[in-house]
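Residue-level listing of the chains:
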Number of protein chains: 2
Amino acid sequence: MARKASLSGFPELLPEERVVENHVLDVLRRTFELHGFSSIETRSLETVEQLLRKGEIDKEVYAVSRLQEDDGARSAEKLALHFDLTVPFARYVVENAGHLSFPFMRYQIQKSWRGERPQEGRAREFTQADIDVVGEDALPFRYDVALALVIVDALSQLPIPDFVMRVNNRKLSEGFYLGIGLEDTAGVLRSIDKLEKIGPAAVAQLLREELGATDEQAEAALGLAAIRAEDTSFVERVRALGVRHELLEEGLAELAEVIGEASKRAPGRVVADLSIARGLDYYTGTVYETFLVGHEQLGSICSGGRYDALAATQKRTYPGVGLSIGVTRLVARMLSQGLAVPSRKVPSAVLVALTDDAGWSAAQDVADALRSRGIACEVSATAAKFGKQIKYADRRGIPFVWFLGEDESGAPTHEVKDIRSGEQAPADPAAWEPPHEDLRPRVTAPTGD
Amino acid sequence: MARKASLSGFPELLPEERVVENHVLDVLRRTFELHGFSSIETRSLETVEQLLRKGEIDKEVYAVSRLQEDDGARSAEKLALHFDLTVPFARYVVENAGHLSFPFMRYQIQKSWRGERPQEGRAREFTQADIDVVGEDALPFRYDVALALVIVDALSQLPIPDFVMRVNNRKLSEGFYLGIGLEDTAGVLRSIDKLEKIGPAAVAQLLREELGATDEQAEAALGLAAIRAEDTSFVERVRALGVRHELLEEGLAELAEVIGEASKRAPGRVVADLSIARGLDYYTGTVYETFLVGHEQLGSICSGGRYDALAATQKRTYPGVGLSIGVTRLVARMLSQGLAVPSRKVPSAVLVALTDDAGWSAAQDVADALRSRGIACEVSATAAKFGKQIKYADRRGIPFVWFLGEDESGAPTHEVKDIRSGEQAPADPAAWEPPHEDLRPRVTAPTGD
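If you're wondering where the values come from, they're calculated on a predicted model, not measured in any experiment. (Residues numbered from 1 in each chain as written. Chains lettered and ligands numbered in written order. Predicted model: local features only at pLDDT ≥ 70, side-chain atom pairs only at ≥ 80, totals over all residues. Heavy atoms only, no water.)

Our next topic: the pairing of strand 16 (residues 400–406) of chain A. Residues and elements named next belong to chain A. Burial analysis of strand 16 places 5 of its 7 residues in the buried class, the great majority of the element. Examined bridge by bridge, strand 14 (residues 350–352) and strand 16 share 3 bridges and lie parallel to one another. In the sheet register, V352 faces strand 16, and the bridge partner there is W402. Note that strand 16 and strand 17 (residues 412–418) share 7 bridges and pair antiparallel. Across the sheet, the residue bridging to E406 is P412, located in strand 17. The antiparallel pairing of strand 16 with strand 17 creates a hairpin that spans 5 residues between the two strands, and G410 there sits at a positive phi of about 90 degrees. (Buried < 20%, exposed > 50% of the residue type's maximum accessible area, 1.4 Å probe, protein only. Helix = DSSP H or I, 4+ residues; strand = E, 2+ residues; numbered from the N terminus. Pairing = 2+ DSSP bridges.)

See below:
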């Protein structure tokens, strides 16, 4: 990742970096499945019409067309690469509703593309790992709690710094704004969303100048956004601001349910943060953002929220709640800051050395025996000097080299050498196992594991 | 897969179909790693210049551009989606040569895009699983043997019909053609490549009319192409045709090494087939194609070969040998013909039922205990009637439902029901395990496993 991408915004990993990325993806996938989420993938291309339905980021969308389009053929349908996994998933749900069981819990780990200005944490091609639960016409609120816990479970297993998921609720914010007489709740949310970037004074100015807020209204909105809590104490602090509105009460109850359960099950990991706005997204209830402690300027590594209607047809609506992990952003940071290192760059635990060229088949027998017990290995392609074969293993971090020989009677002998310690001992291809920590490349924080 | 894709050529799988695809991908990945291959991914986009270097399939290439391109910004570099994984890999090797250890063994499982006319076995977006070994300036021939064995090992573990890898060698064919006086060896290969489609008489006509072959030359070329053998007996049959050429001898020796070793290690799986031409590809030695027995009209599910120069710079050449599995083609056939079925469509082995809404947290404790032992499970989101919760599990194929209760003294009780047999028994969340075959969705041939 220190290397410059040959195409700006399209990073490619070296094999040892890919070991780290695969470790992250494996942990996510395993955790999502342990929580009952099914895997799906959607096609990479959508119609432009589908993608721009909410009409926000058209400048960033990559259009796709045949290099030499057949005359007249299907030119009606303009295609583009998807820029997230939510829009394609919503389409997938509508198209396949008759084949799905609702509530439908799915995870989706795929690339997306946005033509943004590249910078750390923002690539033009990037991998997202999304989980969503979607219901038919209704979806129990409990899933808003459960999804936060799935993400906490997944991120907790990664070799990354502490993280904090900050949760708010749109009903709470919007109800509060309505309660103080600010009707353009979307406008207030967009302003509050800039709090971290421009500070409270500038936000107050925006609220006054763009939304016509009084000093008191601006102060109240900022007062709400200043509330953070690791437990449900935020409820009393909001009430102390003296604002009353039905929607506010609903939002308070929902957020209290998320924080109440999460603070029991994952203390300090999931907090109420009433400044979280997610200004440009069409959430209608819970909203989530997740930050690495000490790396807040990287931006959120996992965001999402609840939609009353993730998708809708004339007959049905599909409410949903989901979260999306920015895998590329997270892994880029892990690599650039050396937060995680792989124990080796290749899968092989063993190199089976060749004594002479004719011995290749016998060496393959050893390799097959090891592989049948899940031990990854390679066979040397040429009978170079042992020193050279050991160097081959050493350059790749392969810990063990296997030697075949013959005893005085001509019977085959087997020895395995740990090239780190130099220790060499007889070994049985049908029984030998490497120490557990050498079986596969491990990915750990550099200081101890 | 019986459903029609909403965008022609861009198939999307249902969750239960994705279980089958994931099983295939998992087997491939595990096998490739057991044989020592490292994972990499390349970006999905290449410059058009890079993609069209060999200038063949430009009509099929999907060009990519920003929907609203910034005026003048980087318009110099036209981009397109890659149509295979070999061209991007060659570029990756050259760009990262200083960071790689050669011979470099990598696998790459990614999507590619081609704007071909969609039909079964040919999608516009499709997943390939490639393995290649690439050397710096030289690459031992042994890898040509080893790679065939890796693919045999991988495919043998899938619930698919018998398969046969057919192997030929370009040196053998081209040496033979030169030996009979046909100098346009590429032209002859292109004609021979049509053998299966148009038959020997039409190929003979092509050879005579387009390449100026005599009847004797055409007959000899077809005589060579008719040779198939499960062992090295093909060598004598070629020699019996009475043609002599240095390149032919080299090719015979190489193919004999592949078939000799493979026929020992995987009898009947890897055969010599001297009709295999791979007409449009720039291979320079071994060429491979792989067919499902009884599904030959599907086309090859795994093809590849040896390149003298997979990539080259002014200073160095990078010879390589590789094979590419058409995962989408293979999985589409498995699904359309019902060759493989998943035991269930969701990961969950257990649904933890809710007795009342207040019991959700206790149910999560049970779920966490099961997950910590690798048992995938879900918790009901609402305390519906047990019958409804059991139906929820049944619709998804979840085999077990867990019930929490209280005994007379108010102490918690746990019971687990196998909803297939109806059997219900007390269980300990800290110790209970499902039968091994129920732990994860399994994918098997429908008649026994």
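There's plenty left to go through after this.
Whenever strands of a sheet pair, they do so through backbone hydrogen bonds, lying parallel or antiparallel. Residue and element names in this part refer to chain A. In spatial order, the strands read 1-5-6-12-11-10-7-9-8; together these 9 strands make up an open sheet with mixed pairing. The open sheet is flanked by strand 1 (38–39) and strand 8 (228–229), the only strands paired with a single partner. Pairing between strand 11 (residues 302–312) and strand 12 (residues 317–326): 8 bridges, direction antiparallel. Note on strand 12: the bridge partner recorded for A311 is Y318.

When its domains are assigned, chain A resolves into domain 1 (15–342) and domain 2 (350–441). Once you take the C-alpha centre of each, domain 1 of chain A and domain 2 of chain A turn out to be 49 Å apart. (Domains from an automatic or database assignment.)

Attention now goes to the sheet that holds strand 15 (residues 377–379) of chain B. Residue and element names in this part refer to chain B. With mixed pairing, 5 strands are arranged side by side in an open sheet as 15-14-16-17-18. Whereas interior strands pair on both sides, the edge strands pair on one side only; in this sheet they are strand 15 and strand 18 (424–426). Between one strand axis and the next, the sheet turns by 25 degrees as a mean value, whatever way the strands run. Most of the contacts of helix 12 (residues 360–371) go to strand 15, to which it runs at about 175 degrees, and overall it touches strand 14 (350–352), strand 15, strand 16 (400–406) and strand 17 (412–418). (Axes fitted to C-alpha atoms, helices over the stretch in contact; angles between N-to-C directions. Contact = heavy atoms within 4.5 Å.)

Time to look at the interface of chain A and chain B. One widely used convention gives an interface's size as the accessible area the parts lose upon coming together. With 93 residues of chain A at the interface, the matching set in chain B holds 93 residues. Contact between chain A and chain B buries roughly 8,000 Å² in total, counting both sides, with carbon and sulfur atoms accounting for 50%. At the boundary of chain A with chain B, the tally comes to 14 salt bridges. Taking the shortest distance from any N to any O, the salt bridge between E41(A) and R18(B) comes out at 3.5 Å. A per-element tally of the side of chain A that touches chain B places helix 1 (residues 15–34) of chain A first, with 7 residues. (Buried area = accessible area lost by both parts, 1.4 Å probe. Salt bridge = Lys/Arg side-chain N within 4 Å of Asp/Glu carboxyl O.)

Attention now moves to the pattern of salt bridges. Across all of its chains, the model carries 67 salt bridges over all chains by this definition. Ionic pairing is found between E261(B) and R265(B), a salt bridge with its closest N-O pair at 3.4 Å. Of the two residues, E261(B) and R265(B) are both situated in helix 10 (residues 246–265); the distance of 4 residues between them amounts to about one turn of the helix. Here E261(B) falls in the buried class, since its relative accessible area comes to 11%. Take R265(B): its relative accessible area is 23%, and that puts it in the partly exposed class. Among the ionic pairs, E289(B) bridges to R278(B), the shortest N-O distance being 2.7 Å. Of this pair, E289(B) sits in strand 10 (residues 286–292) while R278(B) sits in the loop between strand 9 (270–273) and strand 10, and the two are 11 residues apart along the sequence. Residue classification places R278(B) among the buried residues on the basis of a relative accessible area of 16%. Because the salt bridges share partners, they merge into one network encompassing E261(A), K264(A), R265(A), D365(B), D368(B) and R371(B).

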